[in-house]
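Coordinate analysis (summary)
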Amino acid sequence: MASISGISSASPTLKRQKPLLKPTSLFRKDSGSVSVSFPARSKSADRGFSVSVAREISAELSTADGAPAKKKGLVKDPHALWRRYVDWLYQHKELGLFLDVSRVGFTDEFVSEMEPRLQAAFKAMVELEKGAIANPDEGRMVGHYWLRNPKLAPNSFLRLQIENTLEGLLKFSNDVVSGKIKPPSSPAGRFTQVLSVGIGGSALGPQFVAEALAPDNPPLKIRFIDNTDPAGIDHQIAQLGPELASTLVIVISKSGGTPETRNGLLEVQKAFREAGLNFAKQGVAITQEGSLLDNTARIEGWLARFPMFDWVGGKTSEMAAVGLLPAALQGIDIEEMLVGALLMDGANRTTVVRNNPAALLALSWYWASDGLGSKDMVVLPYKDSLLLFSRYLQQLVMESIGKEFDLDGNRVNQGLTVYGNKGSTDQHAYIQQLREGVHNFFVTFIEVLRDRPPGHDWELEPGVTCGDYLFGMLQGTRSALYGNDRESITVTVQEVTPRSVGALIALYERAVGIYASLVNINAYHQPGVEAGKKAAGEVLALQKRVLAVLNEASCKEPVEPLTLEEVADRCHAPEEIEMIYKIIAHMAANDRALIAEGSCGSPRSIKVFLGECNVDALY
Ligand SMILES: O=P(O)(O)OC[C@H]1O[C@H](O)[C@H](O)[C@@H](O)[C@@H]1O
């Protein structure tokens, strides 16, 4: 059994800058928070300044009648702000991760008001990890935390499933990378490419991690087909070219029936046939056991199959085979990813709010967006390799929080919108609006302290490096936004490593879970997506009826001219005339041919037929 490697020595600690004030000592109170004792205020008493600074600040915020001012002005005095920064700064020493929520203006009163709900959220999380049905709408457990700590699983069967899957995918990826498992006919004599076919949570995590952690020269280079756009599929296959022969195709679909993924698979299998290659010898399936995809892979004898579990949602599956196999094939240390997540999970089990980073995030989100999603979350990693973090968080946060009903059946239309790319690039795109325009957001900065690997730094001007500019841009933007009352959160890691990426993923998975409890919704299902899938199916069914009507009419000699209204009537869908027009327009734009059942002649161009019908050529 591949055990998750022991937790290694503490990461390099950050050299603390000289604070604005000369605190008598800077020490950590306990697991999470940092506390600073300040010189006594009054000359006479030499007592450390130990009262929570936030409490003093909130007094400044209270309105005349003493009621806490919800959003009346942010703290601007630099000394008071520094104290707030230190008072609320969360530090995970082992991970070298910091969380700064000082630029979110919540008051002590607010924190006190939220305390009971946070404690209830912690209790719900304990039950969730014990195997409670935390996804009541689907009657499922929620077990993504068990993936990095199998001992947490509620029974030995699940624990063994997790352990065996990890062991199996580690062995498989090692055998592929070493060349022990190789494609049947490739000049390279080994696999050199991974083509991942999957969508949503079966793509976004692997894409984020590949962009963040793939080495410059990975043992296998990964590319993704994550949509049913034929041109996009063609582009990926064209990019592979002859290397299709040394490409390992991983088809990822928890349900095993997602149309876009199925289409991608069929298109790739067609490319394999046309190249004279045996897809089964290069195909891997990651899906729920017994799914359509699983049965297909089993019957067709694909190279390997790895299970997905019904208690792991797509948006929290990066620490399952979905994310771990693609990462391992790129030479990424997946055990370090798991350790990072494990450490962060451990930190998030404390019930002391200010020592619980996930709770601090959830509390900040609630304050900033009124618990209603009234403000958007702009995610700005100041590190190119974290570019896709916001896209990953869009699904994790919005698919979890964006729900019509709460757990009591009340219509709440909850949500928390996420967008962003990277800094400082985005400063040249939309920060103008953030700084001076509509105030409908709060920012999450992701700060990476290490600019370049040791020994690679270079001063582009005396005493200044490129990384200093990036650092300055982040800090400058943070200050400029706050100066105009725009709130922000800053998550700081030492560098982008498998461990820090694993920790970031775990931090946000837990924050979403806690926040969902605060707003009383089920974070672990996605009913709205099913509605979209159903509607797409109805369009395709209508298209089939349209084609049948046109084929029949095109068979008549002379051609039986049909108006759109007549087509709609013959489809028994007069109310769908606009959709029928769009279907015909789309088919005409793609020069689709009309091939009548029991063909009465050669296939006819739909455009020619429409011309003969004098249908307005609006397409
Ligand atoms: O992995 P699959 O079953 O193919 O599902 C892919 C995606 O489909 C839907 O959009 C779900 O809302 C996502 O959570 C899921 O990740």
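Residues numbered from 1 in each chain as written. Predicted model: local features only at pLDDT ≥ 70, side-chain atom pairs only at ≥ 80, totals over all residues. Heavy atoms only, no water.

In the nomenclature of an unreviewed UniProt entry, the protein corresponds to Glucose-6-phosphate isomerase from the organism Prunus avium. As its UniProt record puts it under Sequence similarities (unreviewed entry), the protein is described as follows: "Belongs to the GPI family." The UniProt entry for the protein carries the following text under Pathway (unreviewed entry): "Carbohydrate degradation; glycolysis; D-glyceraldehyde 3-phosphate and glycerone phosphate from D-glucose: step 2/4." (UniProt positions renumbered as here; feature names shortened; annotations may be inferred.)

Across the interface, helix α5 (residues 204-213) lies against helix α12 (residues 389-401) with an axial gap of 9 Å and an inter-helix angle of 160 degrees. In terms of orientation, α5 lies roughly antiparallel with respect to α12. Crossing of α5 over α12 shows left-handed handedness. Residues L204, G205 and F208 of α5 touch α12, and the partners they reach there are F389, R391, Y392 and Q395. In terms of residue class, the contact of α5 with α12 is made up of 4 nonpolar, 2 polar and 1 charged. (Axes fitted to C-alpha atoms, helices over the stretch in contact; angles between N-to-C directions. Helix = DSSP H or I, 4+ residues; strand = E, 2+ residues; numbered from the N terminus. Parallel < 35°, antiparallel > 145°, perpendicular 65-115°, else oblique. Left-handed = near helix turned anticlockwise from the far one by under 90°. Contact = heavy atoms within 4.5 Å. Nonpolar A, V, L, I, M, F, W, Y, C, P; charged D, E, K, R; others polar.)

It is worth spelling out the nonpolar core at this point. Core analysis: the largest hydrophobic core is formed by 116 residues, its most contacted members being F208, W365 and Y508. With 13 residues, helix α15 (residues 498-518) is the single largest residue contributor to this core. Mapped onto the domain boundaries, this core takes at least three residues apiece from domain 1 (78-139 + 340-524) and domain 2 (146-332). In contact with Y508, other than residues within four places in its own chain, are L361, W365, F389, L393, L396, T444, I446 and V491. Judged by nonpolar contacts, the second largest core, of 23 residues, contains V546, V567, I606 and F609. (Core = buried A, V, L, I, M, F, W, Y, C linked by side-chain atoms within 4.5 Å. Buried < 20%, exposed > 50% of the residue type's maximum accessible area, 1.4 Å probe, protein only. Domains from an automatic or database assignment.)

Strands sit in the order β6-β5-β7-β8-β9 across an open sheet of 5 strands; the sheet is parallel. A strand with exactly one partner marks an edge of an open sheet, and here the two such strands are β6 (221-225) and β9 (304-308). Put simply, the sheet's adjacent strands are angled 20 degrees from each other on average, direction ignored. Relative to β6, strand β5 (residues 193-197) runs parallel, the two being bridged by 5 bridges. (Pairing = 2+ DSSP bridges.)

This brings us to the site of the ligand. Around the ligand, the surrounding shell holds 13 residues, and the nearest of these are G201, S202, S253, T258 and E399. Contact between the ligand and S202: an oxygen atom at 2.6 Å from a side-chain N or O atom of the residue. Side-chain polar atom of Q395 to an oxygen atom of the ligand: 3.3 Å apart, as the coordinates give it. Contact with the protein chains hides 89% of the accessible area of the ligand, taken as 390 Å² for the molecule alone. Looking at the shell around the ligand residue by residue, the class counts come to 2 nonpolar, 9 polar and 2 charged. (Near = heavy atom within 4 Å. Polar contact = N/O pair within 3.5 Å; in protein donor to acceptor, adjacent residues only side chain to side chain. Areas by Shrake-Rupley, 256 points an atom, 1.4 Å probe, with all protein chains shown as cover.)

Using the criterion set out here, one finds 20 salt bridges in the structure. In this structure, E127 engages K130 in a salt bridge whose closest nitrogen and oxygen atoms are separated by 3.7 Å. Of this pair, E127 and K130 both sit in helix α3 (residues 108-130), 3 residues apart, which is roughly one turn of the helix. One salt-bridge network, held together by shared partners, links E129, R148, D345, R349, E509 and R510. (Salt bridge = Lys/Arg side-chain N within 4 Å of Asp/Glu carboxyl O.)

Our focus in this paragraph is empty space enclosed by the protein. Under the definition given, this model contains 4 cavities of 30 Å³ or more. The space that makes up the largest cavity amounts to roughly 110 Å³. By residue class, the composition of the lining of the largest cavity is 6 nonpolar, 6 polar and 5 charged. Shared between two domains, the lining of the largest cavity takes at least three residues from each, and those domains are domain 1 (78-139 + 340-524) and domain 2 (146-332). Estimated volume of the second largest cavity: approximately 90 Å³. Elements with a contribution of two residues or more to the lining of the second largest cavity: α4 (156-178) and α9 (321-329). Here the element with the most residues in the lining of the second largest cavity is α4; it accounts for 4 residues. For the lining of the second largest cavity, a count of residues per class yields 11 nonpolar, 1 polar and no charged. (1 Å grid on protein atoms, 1.4 Å probe; cavity = no way out; pocket = protein on both sides within 12 Å on 5 of 7 lines; lining within 4 Å. Points joined across faces, edges and corners; volume = space filled by probe spheres on them.)

Attention shifts here to the pairing of strand β10 (residues 376-381). Here β10 lies mainly inside the structure; 6 of its 6 residues are buried. Across 6 bridges, the pairing between β10 and strand β12 (residues 441-448) is parallel. Bridge assignment links V378 to a residue of β12, and that residue is V443. Summarising the sheet, β10 and strand β11 (residues 418-419) pair through 2 bridges and their orientation is parallel. Bridge pairing in β11 links V378 to Y419. A crossover connection joins β10 to the parallel β11 through α12; in handedness this β-α-β unit is right-handed. (Right-handed = clockwise from strand over helix to strand, strands pointing away.)

What follows covers the sheet that holds strand β3 (residues 90-92). Overall, mixed pairing links the 6 strands, which are arranged β3-β4-β15-β12-β10-β11 in an open sheet. If you trace the sheet from one side to the other, it starts and ends with β3 and β11, each paired once. Note: β3 against strand β4 (residues 97-100), 3 bridges, orientation antiparallel. Residue pairing for β4: H92 is matched across the bridge by L97. Helix α14 (residues 466-483) contacts β4, β12 and β15 (488-493) of the sheet and is inclined by roughly 155 degrees relative to β12.

Together, W458, L460, Y469 and M473 make up an exposed nonpolar region whose accessible area comes to about 400 Å². As for its position among the elements, L460 is in strand β13 (residues 459-461). Judged by its relative accessible area of 34%, L460 falls in the partly exposed class. (Patch = residues over 30% accessible without salt bridge, like charges linked within 9 Å, V, L, I, M, F, W, Y side chains within 5 Å.)

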